Amino acid sequence: MSFADLGLSDETLRAVTEAGYTEPTPVQAAAIQPVLMMRDLIAIAQTGTGKTASFVLPMIDILAHGRARARMPRSLILEPTRELAAQVAENFEKYGKYHKLSMALLIGGVQMGDQVAALEKGVDVLIATPGRLMDLFQRGKILLTGCSMLVIDEADRMLDMGFIPDIEEICTKLPTSRQTLLFSATMPPPIKKLADKFLSNPKQIEVARTGSTNASIEQVLVTTTSRGKRETLRGLLRVEDVKTAIIFANRKTTVRELNQSLRRHGFASGEIHGDMDQSSRLKELDRFKAGEINILVASDVAARGLDIKGVSHVYNFDAPWHPDDYVHRIGRTGRAGATGKAFTLITDEDAENIANIEKLTGQTIPRIEGAKAEKAEAPAPRAERPARPERAERPAREERSTSSRRERAPRERDRRDAPAQHHNTPEPIATDADINWNGPVPAFLSVRIAD
Ligand code: ADP
Ligand code: MG
């Protein structure tokens, strides 16, 4: 299946080719035609499967006909966070470069005045977070009666963030004859209910996954101590053939200090964390993309929403507190055929976190001793690689699955509510949505299309 088979216009196809996409992902292959045929659609596919283009591309062609009227956007895309909204806007710019579509972004943290001015003129596409949209609505600055297309993106994140009531209200303000598309990584009951209420005879697409982590990511746990962590990390960075790496830490202070420490040791590193505003984060990301630095130390929240993909290595300086974060973090590597490596430094205190991660991913992750990596700190020539994960010792399965360990596994909610036990200020727990986890693209996915 190629993009050319999907019924898109030549202009859109040209933009897609220029963006470097050669083949549609399974969700794109299944979604684009029904959307072009004006069907309602429910698409369930994990993060990183290309859901954005599966609505942006057909929308561009649908909106190519017709004109916008003042204050009445022709289509509305709801996103849970401003980062995601901005990314969707970038997608419209990229794929819509041969079309003349107007667009407005309605998100928090941006001057309301400019946004209102854009809307006054009339737009083909309005991309908004629900809170800001409701705000504007209440001020009477916007009319949704001319909106014939609605996209509810990242629906499960919307649910996490408490946006469902807002979305329900927004839905009632659009004409009932509209086309509605709903995208989500999962389909919890409240989302199902929302879909039943606001979509009519939707085509349903489900892209099943065979596992929550990608087989082309080589994963290793490296045992170390709190004090030995930096040294262990440096050892790993030196013996591995690191082209580009992201190092995740759980706290902002750790991100900053670790970056400073790495720079002192001669590594070309940079940092992104929650205390930086979006433009500084993007600047740092640009340095990374330009190859000025090849290591980016990041916190989860800051890394979410940034289009960072295909790095050769991911290091978890701290084991993540939430197993979902593990999957998201390591998903930054190992894309489309390339093998990536993910190392997680663990201390005795991480036993529970690791047990939860292994439970979620349904696999036992091989372990190596950090000491081996530390030895490599001695000026090891690049060719010599003492810390190759192949040496990993795999603990016997029985040994791990003792019930005592299972009992100790904390319930997620308890952990989320009790960050105070960590001595540094933790990053705000990621309500900030799941965002562009640029994880595994299609190879391991299979598509089931149900009518
Ligand atoms: P999702 O919304 O499902 O989480 P995105 O739409 O954000 O996923 O896409 C994830 C990544 O995959 C993005 O970096 C995007 O550029 C890339 N991508 C999307 N479609 C394709 C494709 N057909 N070929 C290659 N890469 C793609
Ligand atoms: Mg998405």
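Above: the structure in question.
Quick summary incoming for the structure in this document. No experiment lies behind these values; they were computed from the predicted model shown.

**Overview of the pattern of salt bridges**
Now for step 1: On inspection of all chains with the given rule, the structure shows 18 salt bridges.
Now for step 2: We note a salt bridge from Asp 275 to Arg 256, for which the minimum N-O separation is 3.4 Å. In this pair, Asp 275 sits in the loop between strand E10 (269–272) and helix H12 (278–289) while Arg 256 sits in helix H11 (residues 252–264), placing the two residues 19 residues apart along the sequence.
Now for step 3: According to the relative accessible area criterion, Asp 275 is partly exposed, its value standing at 48%.

**Focus on unusual backbone geometry**
Now for step 1: Look at Met 38: it is not a glycine, yet its phi comes out positive at around 70 degrees.
Now for step 2: Tracing the backbone through its elements, the reader meets Met 38 in the loop between helix H2 (26–36) and strand E1 (41–44).

**Section: helix H3 (residues 51–63)**
Now for step 1: Across its 13 residues, H3 extends 19 Å between first and last C-alpha, which sits within 8% of the 18 Å expected from 1.5 Å per residue.
Now for step 2: With 12 of 13 residues buried, H3 is to be regarded as a mostly interior element.
Now for step 3: Along H3, the residues classified as buried are Lys 51, Ala 53, Ser 54, Phe 55, Val 56, Leu 57, Pro 58, Met 59, Ile 60, Asp 61, Ile 62 and Leu 63.

**Concerning the pairing of strand E12 (residues 313–316)**
Now for step 1: Covered by surrounding structure in E12 are His 313 and Tyr 315 together with Val 314 and Asn 316, the residues of both alternating faces.
Now for step 2: For strand E9 (residues 245–248) and E12, the ladder comprises four bridges, and the chain directions are parallel. Looking at E12, one finds that Ile 246 is bridged to Val 314.
Now for step 3: Strand direction decides the pairing type here: E12 and strand E13 (residues 340–346), joined by four bridges, are parallel. Its bridge partner being in E13, His 313 is matched across the sheet by Lys 341.

Criteria and cut-off values
- Residues numbered from 1 in each chain as written.
- Chains lettered and ligands numbered in written order.
- Predicted model: local features only at pLDDT ≥ 70, side-chain atom pairs only at ≥ 80, totals over all residues.
- Heavy atoms only, no water.
- Salt bridge = Lys/Arg side-chain N within 4 Å of Asp/Glu carboxyl O.
- Helix = DSSP H or I, 4+ residues; strand = E, 2+ residues; numbered from the N terminus.
- Buried < 20%, exposed > 50% of the residue type's maximum accessible area, 1.4 Å probe, protein only.
- Expected span 1.5 Å × (residues − 1).
- Pairing = 2+ DSSP bridges.

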